[in-house]
Amino acid sequence: MSFFSRLFRKAPALSAAPQRAPSAKADPALAKAGTADRALAAAAEEQALQAAIDAQDIQAVARLVVAGTSTRIRQSAAQVIEDPELLRQLIRDLRGGNDKGVYKILSAKRDVLLEQARKRKQLQAEIHAASAALERHSQGAYDASYSPILTQFESRWEVVSAQADPELQGRVQQWIDRARETLAEHLRQSAAQAAHALAAANAAAEAQRLREQQAQASAAIAAEQEQALEEQNKALAEQQQTEQQAVRQIGELIRKARGALSDGSSSRAAAVRRAIDDKLAGAPPLPANLASQLQQLDKQLDELKDWKSFSVTPKRAELIEEMESLVDATLEPLALAERIKRLQEEWRTLGKGAGANLDPVLEADGQRFKDAAEKAYLPCAEYFAAQALILQENLRRRDALLAKLTAFEAGTHWEQADWRAVIRVLRETKEEWRSYSPVDRRASKPQQETFVALTASLQGRLDAEHARNLEQKQSLIARAQALLASDDDRKAIDAIKELQQQWQAVGPVPREVDQRLWGEFRQHCDAVFQKRQQAFASYTAGLENNKTQALALCEQLEQIAALEGPELLERAAALAELRRAFDALGEFPRAESRELRSRFDRGLDRCEESIARQHARDAERAWHDLFEAANQVRAYKLAVARSADTVQCDALKAAAETYIASVPRWPKGGLDALKQGLARECSADLAANELALKRLCIRAEILTDLPTPPEDQALRREYQLQRLVQSLGQGVRGDEMHLDSLAIEWVAAGPMEEATYQPLLQRFRRCRERGNSRVR
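A quick note: this is a predicted structure, and the numbers were derived from the prediction, not measured.

Undergrad: Can you break down the overall build of the protein chain residue by residue, with the values?
TA: Counting its secondary structure elements, the protein chain contains 26 helices and 0 strands. Burial statistics for the protein chain: of 776 residues in total, 31% are counted as buried. Across the protein chain, every contact between residues at least 6 apart in sequence was considered, and the portion connecting residues at least 24 apart equals 73%. Of the roughly 48000 Å² of accessible surface on the protein chain, 53% is carried by carbon and sulfur atoms.

Pasting the structure below:
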């Protein structure tokens, strides 16, 4: 028993329908008394509502929702209802009435409760998902994404943890602690490995340094000993030749310098003069003739330098300005460096032989040019520094790729290797290796050698696997070729299919070889299948014949579906035979089988729909005839109630009987109701008969969710309250809430005026139209 039924199982029976109150317009005193009574009744209902709320008497509150005399009382009572089942029951009872405010309040409270339930369910699902994710993560092994995923799962859990039960919170905290311990253990292992690697590297570097120091020391001692011996042997000879050689060289250099001056080459003469200075530092005093020649050379050289300095000064200024314009220039670093290099070369060309190291002005210009070049080169220096970092990063990435490739080779079980994965790793690794460019050639040479060795090792294993697979595929080709001689086509086809499955199971071979082998294998398979084509020819012809017959059956169905009236019902008897004939055809061409069967089924459905529509039209016609006959019976009974003359009454009765006899088909119970209506005496109380038909209209409007006119709202609430009490007690019979049963009751109703009857009939028939549209 539901909560609502338990509350209302002792509901008192509703009293009979109230009698009509006298009109207040007839007596002002009575109207005043009625106003006072309504005020007292409203106050009493407010007290009853408050008392029911205080006593938590939901039964009394629900009654006031339905039967309260004022809108305010009904809305206040509706605000109190919280039970979902009771809300749904009250909403069903009030649906279609004019008390929209109470209906909206109840619907809004129901929607709020449903939304709260949905949110609770959604929250529980999120709590379960977040906790399950943390549990699975805590049981997994560490990888590169372990820490960020743990942070993400913790953030997700923090959002819903406050709404979880304490036991689950404790378990989740244990899983989080376990995951953090996994992370901490990885960090400890990584730190230990790094420390071990660093110590090993330091030890190896120290040992190498000591070996290099020892080798250098030994080489230095040997060189010193050899040099000392050589110096000792040559010391005397060199000392004797030095002075003579120096004099001869200085004389030769003086002649070369004078020759350069004769040619106008001050730079070459200055270079030779500097060489003479170098020789003079370790030479004895010169003879008088050489000293005189040297003085004359210096005089000629100074005169030529003065003239050249005057001629190149504008060019120097131009180069300085151009170099200074490159400071903060927006050129690309490589182009900028090239410009700076070109200007520096031009500067050095001007400086040759111009005596820049002797002239303070030229020294200042040189310093200015040098400073401008350094400032202009700053972006280039930054660019080349960044390029150096890129080279180092590419070297680091290649080291990581080598480590991964080494781990892949060591971790692969080569007896059961995934060779497609090996092919993919080789291809992707080579592509990735090439993408890590440029690198320093000298530094990357050991890396390149290691990479070539690793890839060659993997390629060797792959080549061995290719050889094994090639042998297997060649064996399958030979077996397929042997099946061409088989006399049993079915067994040959089965064997070919098995060979094809085995072919798919064989591992990879080189692509170009695989295509050639597959072509040969496919050729033998096609030859075996070709032997069965003749057998399929007759089978296909049979399928085409079945298709032709099926199309003819489908066309017959479509013709029947297009019929109407008695001809449709007559031809419908052949549907079962058409169904059996179609099923007996068996199979159809595969490409058209589904469409043929679908077309036949659609044809059957269309026939059944046409028959159903015809039955519905016939049934509706029967109900139309019933209402028309009931109208004629009503006219006859109204004449009897008015005590009309016998001739008129007999004529109306004869017209009704004639119409009844002319109708070929009646709804179930309709003819009996008409005959009983003609035979029995009915109440002459037209008002009571009108009330009975109004109640039938209200019942039909409730059943079809149609609104009731405002003048009959009080009568609708009275009926709803009565239905509510009955549904909480013994329940409502199904036949009382069926439109056909209501129509039979309509036929049995007493007479009333035409002007009153027709509007009520229209109301009732609208309800039937609404009900029929729902059924369709």
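Undergrad: Give a detailed account of helix α22 (residues 670–679), specifying residues and quantitative values.
TA: For α22, the set of buried residues is G670, A673, L674, G677 and L678. Angular distribution of buried residues about the axis of α22 spans 135 degrees; they occupy a single face of the element. Where α22 is buried, its residues contact α20 (590–641), α21 (646–662) and α25 (739–747).

Undergrad: Could you give me a rundown of the pattern of salt bridges, with the residues and numbers involved?
TA: In total, this model carries 35 salt bridges according to the counting rule given. The closest approach of N and O atoms between E206 and R209, which form a salt bridge, is 2.4 Å. Taken together, the positions of E206 and R209, both in helix α8 (residues 166–263) and 3 residues apart, correspond to about one turn of that helix. Its salt-bridge partner being E322, residue R339 comes within 3.6 Å of it at the nearest N-O pair. Of this pair, R339 sits in helix α11 (residues 333–351) while E322 sits in helix α10 (residues 288–325); the two residues are 17 residues apart in sequence, bridging distant segments of the chain.

Undergrad: Just give me the short version of the nonpolar core, but keep the residues and values in it.
TA: By size, the foremost hydrophobic cluster in this structure holds 34 residues, and its most contacted members are I660, W666, L674, L693, W746 and F764. For this core, the secondary structure elements donating two or more residues are α20, α21, α22, α23 (686–703), α25 and α26 (754–775). Once residues lying within four places of it in the same chain are set aside, the contact partners of L674 are L626, A629, A630, V633, I660, W666 and V747. By size, the runner-up hydrophobic cluster in this structure holds 21 residues, among which are L49, L86, I91 and I105.

Undergrad: Describe the side chain of R74, with residues and values.
TA: Mapped onto the elements, R74 comes out in helix α4 (residues 71–80). With residues near it in sequence (within four places) discarded, R74 still touches L64, V65, V66, G68, T69, D99, V102 and R717.

Undergrad: Give a description of the environment of Q392 that names residues and reports values.
TA: Inspection of the secondary structure puts Q392 in helix α12 (residues 360–411). When its relative accessible area of 52% is taken as the criterion, Q392 is described as exposed. As a C-alpha pair, Q392 and V439 span 47 residues in sequence and 7.3 Å in three-dimensional space.

Undergrad: Can you break down unusual backbone geometry residue by residue, with the values?
TA: Cis geometry marks the peptide bond from S437 to P438, where omega comes out at 0 degrees. Phi at S643 is positive, roughly 60 degrees, even though this residue is not glycine. Relative to the helices and strands, S643 resides in the loop between α20 and α21. The phi dihedral of D705 is positive, around 60 degrees, even though this residue is not glycine. Note on placement: D705 falls in the loop between α23 and α24 (713–728).

Undergrad: Can you explain the confidence of the model for the protein chain? Please cite residues and give values.
TA: Of all residues in the protein chain, 87% have pLDDT values of 70 or greater, and the mean over the chain is 79. Contacts for the low-pLDDT stretch residues 1–27, under 50 throughout, to residues beyond four places or in other chains number 37 contacts. This model gives residues 730–736 a pLDDT under 50, and the stretch forms 8 contacts once residues within four places in sequence are excluded.

Undergrad: An account of α21 is requested, with residue identities and associated values reported.
TA: Along an α-helix, residues three or four apart share an orientation, since each turn contains 3.6 residues. Here α21 is 17 residues long and its end C-alpha atoms lie 24 Å apart, about the 24 Å a rise of 1.5 Å per residue gives. All of the buried residues along α21 are C649, A656, Y659 and I660. Projected onto a plane normal to the axis of α21, the buried residues spread over an arc of 105 degrees and lie on a single side. In α21, the exposed positions angled more than 90 degrees off the buried face are occupied by T646, V647, T658 and A661. Turning to α21, the residues buried within the fold contact α20 and α22. Its side-chain oxygen 3.3 Å from the backbone nitrogen of V647, D645 forms the N-cap of α21.

Undergrad: Lay out a negative patch on the surface with the relevant residues and their values.
TA: Together, D487, D488, D494 and E498 make up a region of like negative charge exposed at the surface. Among the structural elements, D488 can be located in the loop between α14 (441–482) and α15 (489–505). Taking relative accessible area as the criterion, D488 reaches 33% and is therefore assigned partly exposed.

About the cut-offs
- Residues numbered from 1 in each chain as written.
- Predicted model: local features only at pLDDT ≥ 70, side-chain atom pairs only at ≥ 80, totals over all residues.
- Heavy atoms only, no water.
- Helix = DSSP H or I, 4+ residues; strand = E, 2+ residues; numbered from the N terminus.
- Buried < 20%, exposed > 50% of the residue type's maximum accessible area, 1.4 Å probe, protein only.
- Contact = heavy atoms within 4.5 Å.
- Areas by Shrake-Rupley, 256 points an atom, 1.4 Å probe, with all protein chains shown as cover.
- Arc of directions from axis to C-beta.
- Salt bridge = Lys/Arg side-chain N within 4 Å of Asp/Glu carboxyl O.
- Core = buried A, V, L, I, M, F, W, Y, C linked by side-chain atoms within 4.5 Å.
- pLDDT = per-residue confidence, 0-100.
- Expected span 1.5 Å × (residues − 1).
- Polar contact = N/O pair within 3.5 Å; in protein donor to acceptor, adjacent residues only side chain to side chain.
- Patch = residues over 30% accessible without salt bridge, like charges linked within 9 Å, V, L, I, M, F, W, Y side chains within 5 Å.
- Lys, Arg positive; Asp, Glu negative; His and termini not counted.
- Charge placed at Lys NZ, Arg CZ, Asp CG, Glu CD.

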